[in-house]
Each structure stands twice: as structure tokens, then as C-alpha cells.
Number of protein chains: 2
Amino acid sequence: MSSVAKNSAAASAAAAGPAEKPAAKRVRRTADEARRLILDAAEARLAKQGPEGLRLQDIARDVGISHPAILHHFESREGLVRALIARANTQLRDRLLGALGSDHPSQDAADHIGHVFEALSDRGTARLLSWLLLTGRATEQSDAHNVMSEIVDVLQARREEYSKEKGKPAPDKEDTLFVAMLTANAAFGEAIVGRQLAEATGLDQDGIKRFRTWFAKLLNDHLEDKR
Amino acid sequence: MSSVAKNSAAASAAAAGPAEKPAAKRVRRTADEARRLILDAAEARLAKQGPEGLRLQDIARDVGISHPAILHHFESREGLVRALIARANTQLRDRLLGALGSDHPSQDAADHIGHVFEALSDRGTARLLSWLLLTGRATEQSDAHNVMSEIVDVLQARREEYSKEKGKPAPDKEDTLFVAMLTANAAFGEAIVGRQLAEATGLDQDGIKRFRTWFAKLLNDHLEDKR
DNA sequence: TTTAATATTGACAAGAATGTCAGTACAGAC
DNA sequence: GTCTGTACTGACATTCTTGTCAATATTAAA
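Residues numbered from 1 in each chain as written. Chains lettered and ligands numbered in written order. Predicted model: local features only at pLDDT ≥ 70, side-chain atom pairs only at ≥ 80, totals over all residues. Heavy atoms only, no water.

### Quick notes on the nonpolar core
1) Next: Core analysis: the largest hydrophobic core is formed by 135 residues, its most contacted members being A:Ile59, A:Leu182, A:Phe215, B:Ile59, B:Leu182 and B:Phe215.
2) Next: If we skip the residues at most four places from it in the chain, A:Phe215 touches A:Ile113, A:Phe117, A:Leu182, A:Thr183, A:Ala186 and B:Leu182. (Core = buried A, V, L, I, M, F, W, Y, C linked by side-chain atoms within 4.5 Å. Buried < 20%, exposed > 50% of the residue type's maximum accessible area, 1.4 Å probe, protein only. Contact = heavy atoms within 4.5 Å.)

This is the structure:
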């Protein structure tokens, strides 16, 4: 990781110094690549150390560049944060809708719930989003709005299709919304307090898995009943 | 509760100068009172503006004192944060265990869940605790550990008592743990993403209430089944 | 009233963080 | 090879924030 630059020698060395510093060639990336690396590093720091760990100097060191380079690509620290939000939002959206998509036509709630929890755990996405929600930065972001609505729509369509097959009455849309909402709340909650609660109650990794299965079954039973 | 100071007493002016600064009488509180006011202000800022809003100068201004006064009472900013954590922890514990206590011998999950959600919403307790969990400050605090265990124990005792009355088999303890865990996760999640999700799906205040009722019923059905 | 304790303050110190700027070095176009 | 655009850097400026300190004011005890 420690790709130190240290290019003080410069021209002065000329042909003199034995092997001071081979004038470490300055690395030059494409703008997109640089932005990606910076966002990755910022994300990692955020996931590990929380909001206070998001300092330009630190991120720059992680990437192996100077901190003005970050300013160059994102204008300001706020710009970086906004870019972080935007990327997390679209990534989350893609994963969630992808999981519900035609590739996995599973009717089983357990699968869906597993995907939701994993998508939010991955790379600390939930922690990142939680932080920005706590700081009140998400109000401007209307992206999040659509995601939830889209998902509820997809789920509702599934349920209606399914109940038609079975010749049962169509499920209430609000019920579907509540199922999605509970799942979202629980997943976010687990991302934040999960580890603590697990430790507090002596639940190991396997126990957490059992909890998720238990939760999925709870919802499944509910869905079957309602259908 | 807005015990604003603002004591521009003119007394000192006597008959002297053209009322430069009437030497605003300095307010002196007891140490406990001062600590309480400071913690209240800090809590309010944290709930409203998130972690970044926790600056000594701002808190001091809210209380109507100078920022060194805060340092005097809490040693350092970290000391203030720790005091905040400790108070939130004990308050939460008291409210939760109080709600489950003998005063309200309700067997109805709806009541309990309502209490949990309210206790965490109140004064932004969940947001406060979430923030400190995100910043990794809670690892040292073993208080939280006990709370969850205590609650699970109380709940389990209730269920066993209840099932004995009905002559049913005793419930699995892990099931009780999972119920408590889901409730905690959901409550924390709602405290953070609840507002956003509600807006995104066009759910008004009343809708949120319906959601909680729906959730309580879901758990109630489960508990009845298991019992 | 005098005294002791301490809550409180203004001024200052030290450090950290973001942001600016002029210049440098690398890549592709010509 | 030369030129041009721009990713990148080091040094500096600025602002903000916590923390220190000596001094002051207020309350309660003596």
C-alpha cells in the first residue's frame, strides 16, 4: 500500500548523487480512474472509522496522492461526499433491483431478505448511508426516494401475479409496503447495532445467520397467510 | 424547559457611563445543574444537526455560557461525549425496563413495541446512540450489553409464565431473543431511515402509526403461535 | 463581614482541516 | 519532435476547534 512518492531530489541531483531517489516517476491516471480510487479509499475509511475518519489528507495518503489532487477532482470536500452518496445510492439500487430482477425469479422471501441484508452490509453501505442521513445530507438527494418506491412496486406486482395463480384475493398494497419497510428498517438497524447486540447476547456469526433465517420465515409465513 | 439566561441587569449601570456594558451579572449554577443544561443542549444539537453539530462553541452559545465552562465541567470534548453516552444509556435502560416493569403488566406486544419505538425516538436517543456506534465509541461501553440481556431475560420470564398458565410448552429462548433483536433493529432502523422511507412512499404520520401497529400484530401473531 | 471554594470568563496558544496557487510532469495529438 | 491539455504537487493561507491560564464573580460557610 505504501506507495511513497518522495521526489525531493529532482533536477538538483542531476548526475551527481549515487542513487538518491530514482526521481520516482509521477503517476498519472485518467480522471475516471483517479476518481474511482479516491471514492474507494473514502468509502473504506468511512466504513472502518466512521464519519470522523473522512479527512482529505488521510484519503490522499491511502491512495498515494496529495490532498489537493482530491480537491482537483471533486472541487471540495462536500463535492467528494456528494459523489460518495451518489455512487452508494446507484450501487445499492442496482443490487437491490438486480436481486429482485428476472434472473432470480424466486418467490421466497428468504432469498430477497438475504440480498437486502448483504447489499447493505457490503462495503459498509448502510453505515455510509446512515451517516449521511444522520448529518441530514440526504434531504436533497431524491434518488433514495425512487428506489424504495420501485422496489415496493416490483414486490407488489409479484404478489399479485402469485395470488392470481392461486386464485386468491389480491394482497393489500400497504401490506407490501410495510413488509418492505420492516425489512429495510431491520437491515439498517442490524448494520448499525447488529454487532453490538450480537455480542451483548452472546450470538456468534452463525447465530446471526439463524436470526436472518428466522426473520425470513416470519415474513414468509405472513405473506402466505395474507395471500 | 427553555430556561434562557439573558440577564442584562442594568443595576450596575448605577449612574455612571452611557450604559456601555451593564456588566451583565454573571450567572452561577450548581455544578449538577450546569452539567445537565450542557448535556441537554448537546443532545439537542446532536439530534438536530448530527455529529458535525457537536461543537463546544455552539453548545456553549445555546446554554448561554462560554465554552471553557464546558471544559471545566467535562474535562474535554471526549469527556462530554462520554457523559452523553452514559446518560443516554441509563435513560434508555430505565425507560425500557420501566415499560416492561410491573406497572404495566401488559402481555400485549403492541404496547411493548410502542414503548421501544418511543424511547428510541425521544430526544433522538437512537440517533445519538447510532452515531456513537458508527464512530466506534461504544466498544468500551459495556452498559449496552447488560440492557439487552436484561430485557431478553424479562421477556423470556414473561413468556414462560404465560405459557404455563395456558398449559402450553415453554417457548424457546432463542426465539425470544430474536423477537427482541428484530424489534431493536427495526426501531433503530426507523429512527434513522424512517423519515426518508416514509416520505419516499408517501406515508404520513398516521401511516407510520399504522406501520407500528402492523408490526406489533405481526409479532403478536408469532408469539401466540409459538406459545 | 470575612473567607474559602469554585463556577465562569476573556484572551491566547496550538494544531488540524480545507482550500488556493503557481508551477511541474505526463500523455496524446499534430 | 513539439505542442497542448490536464493530472498532479509543494508551499502557503485561512479558518475553525479544542484546550490552557490567569483573573473575576458569586455563593455558602465561618
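### A word on the interface of chain A and chain B
1) Next: Residue-level contacts link 48 residues of chain A with 48 residues of chain B.
2) Next: For the pair chain A and chain B, the summed buried area comes to about 4,500 Å², and 71% of that belongs to carbon and sulfur atoms.
3) Next: Across the salt bridge formed by B:Arg210 and A:Glu174, the nearest N and O atoms sit 2.8 Å from each other.
4) Next: Across the chain A-chain B interface, the total number found is six residue pairs in polar contact (both at pLDDT 80 or more).
5) Next: Of all elements in the fold, only helix H7 (125–134), helix H8 (143–166), helix H9 (173–200) and helix H10 (205–226) of chain A reach the threshold of two or more residues within the side of chain A that touches chain B.
6) Next: With 21 residues, H9(A) is the largest single contributor of residues to the side of chain A that touches chain B.
7) Next: Residue composition of the side of chain A that touches chain B, grouped by class: 25 nonpolar, 14 polar and nine charged. (Buried area = accessible area lost by both parts, 1.4 Å probe. Salt bridge = Lys/Arg side-chain N within 4 Å of Asp/Glu carboxyl O. Polar contact = N/O pair within 3.5 Å; in protein donor to acceptor, adjacent residues only side chain to side chain. Helix = DSSP H or I, 4+ residues; strand = E, 2+ residues; numbered from the N terminus. Nonpolar A, V, L, I, M, F, W, Y, C, P; charged D, E, K, R; others polar.)

### Things to note about unusual backbone geometry
All names here are of chain A.
1) Next: The backbone phi angle of Glu75 is positive, close to 75°, even though this residue is not glycine.
2) Next: Looking at the element boundaries, Glu75 is found in the loop between helix H4 (67–74) and helix H5 (77–100).
3) Next: Positive phi is not limited to glycine here, since Arg123 has a value of about 60°.
4) Next: Structurally, the position occupied by Arg123 is in the loop between helix H6 (109–121) and H7.

### Examining the relation of the copies chain A and chain B
1) Next: Of the transformation placing chain A onto chain B, the axial shift is 0.0 Å and the rotation is 180°, giving an RMSD of 0.1 Å. Here the copies are linked by what is in effect a two-fold axis.
2) Next: Here 100% of the contact residues of chain A are again contact residues in chain B; the copies associate through an equivalent surface. (Least-squares fit on C-alpha atoms with pLDDT ≥ 70 in both.)

### Some thoughts on H7(A)
Residue and element names in this part refer to chain A.
1) Next: For H7, the buried fraction is high: nine of the ten residues fall into the buried class.
2) Next: Inspection of H7 places Thr125, Ala126, Leu128, Leu129, Ser130, Trp131, Leu132, Leu133 and Leu134 among the buried residues, and these make up the whole buried set.
3) Next: One or two steps after H7, the chain reaches Gly136, where phi turns positive at roughly 70°.

### A look at the packing of aromatic side chains
1) Next: What the rule picks out here adds up to eight aromatic pairs over all chains.
2) Next: Relative to B:Trp214, the ring of A:Phe178 has its centre 5.6 Å away and its plane inclined at 55°; by these criteria the two rings are tilted. Here A:Phe178 is found in helix H9, whereas its partner B:Trp214 is found in helix H9 (residues 205–226) on a different chain.
3) Next: Using a relative accessible area of 4% as the deciding quantity, one classes A:Phe178 as buried.
4) Next: Through successive ring pairs, a cluster of aromatic residues spans A:Phe178, B:Phe211 and B:Trp214. (Phe/Tyr/Trp six-rings, centres within 6.5 Å; stacked < 30°, edge-to-face > 60°.)

### As for the pattern of salt bridges
A side chain with one charge can pair with a side chain of the opposite charge if their charged atoms come near.
1) Next: Scanning the entire structure with this criterion turns up 39 salt bridges over all chains.
2) Next: Close ionic contact of B:Glu33 with B:Arg36 constitutes a salt bridge, the shortest N to O distance being 3.4 Å. One end of the pair is B:Glu33 and the other is B:Arg36, both in helix H1 (residues 31–49) and three residues apart, which spans about a single turn.
3) Next: Residue class for B:Glu33 comes out partly exposed when judged on its relative accessible area of 31%.
4) Next: Of the charged contacts in the structure, one is a salt bridge between B:Glu43 and B:Arg123, with a shortest N-O distance of 2.6 Å. Of this pair, B:Glu43 sits in helix H1 while B:Arg123 is found in the loop between helix H5 (109–121) and helix H6 (125–134), placing the two residues 80 residues apart along the sequence.
5) Next: Residue B:Arg123 is classed as partly exposed on the basis of its relative accessible area, which comes to 40%.
6) Next: The network of salt bridges with shared partners includes A:Glu33, A:Arg36, A:Asp40, A:Glu43, A:Arg87 and A:Arg123.

### A short note on the environment of B:Asp225
1) Next: Among the structural elements, B:Asp225 can be located in helix H9.
2) Next: For the pair B:Asp225 and B:Leu197, spaced 28 residues apart in sequence, the C-alpha separation works out to 30 Å.

### Topic: the packing of H9(A) against helix H8 (residues 173–200) of chain B
1) Next: One way to put it is that H9(A) packs onto H8(B) with a least axis distance of 6 Å and a crossing angle of 125°. With respect to H8(B), the element H9(A) is oriented oblique. Considering how the two elements wind past one another, H9(A) and H8(B) form a crossing that is right-handed.
2) Next: For the contact of H9(A) with H8(B), a count of residues per class yields 18 nonpolar, six polar and two charged. (Axes fitted to C-alpha atoms, helices over the stretch in contact; angles between N-to-C directions. Parallel < 35°, antiparallel > 145°, perpendicular 65-115°, else oblique. Left-handed = near helix turned anticlockwise from the far one by under 90°.)

### Considering the confidence of the model for chain A
Residues and elements named next belong to chain A.
1) Next: Taken over all residues, the pLDDT of chain A has a mean of 83, while the share at 70 or more is 83%.
2) Next: When pLDDT is averaged over each helix and strand of chain A, the minimum, 36, is found for helix H1 (residues 10–13) and the maximum, 98, for H4.
3) Next: Contacts for the low-pLDDT stretch residues 1–21, under 50 throughout, to residues beyond four places or in other chains number seven contacts. (pLDDT = per-residue confidence, 0-100.)

### Things to note about the protein's contact with DNA strand C
1) Next: Around DNA strand C, the structure places 25 residues, and the nearest of them are A:Arg55, A:Arg77, B:Ser66, B:His72 and B:His73.
2) Next: Counting only the atoms of DNA strand C that lie within 4 Å of the protein, the sugar and phosphate share comes to 62%.
3) Next: Between DNA strand C and the protein, one listed contact pairs a base oxygen with a side-chain N or O atom of B:Arg28 at 2.9 Å.
4) Next: Taken together, the elements giving at least two residues each to the surface near DNA strand C come down to helix H3 (56–63) and H4 of chain A together with H1 and helix H3 (67–74) of chain B.
5) Next: Broken down by element, the residue count for the surface near DNA strand C peaks at four residues, all from H3(B).
6) Next: Here the residues of the surface near DNA strand C sort into ten nonpolar, seven polar and eight charged. (Near = heavy atom within 4 Å.)

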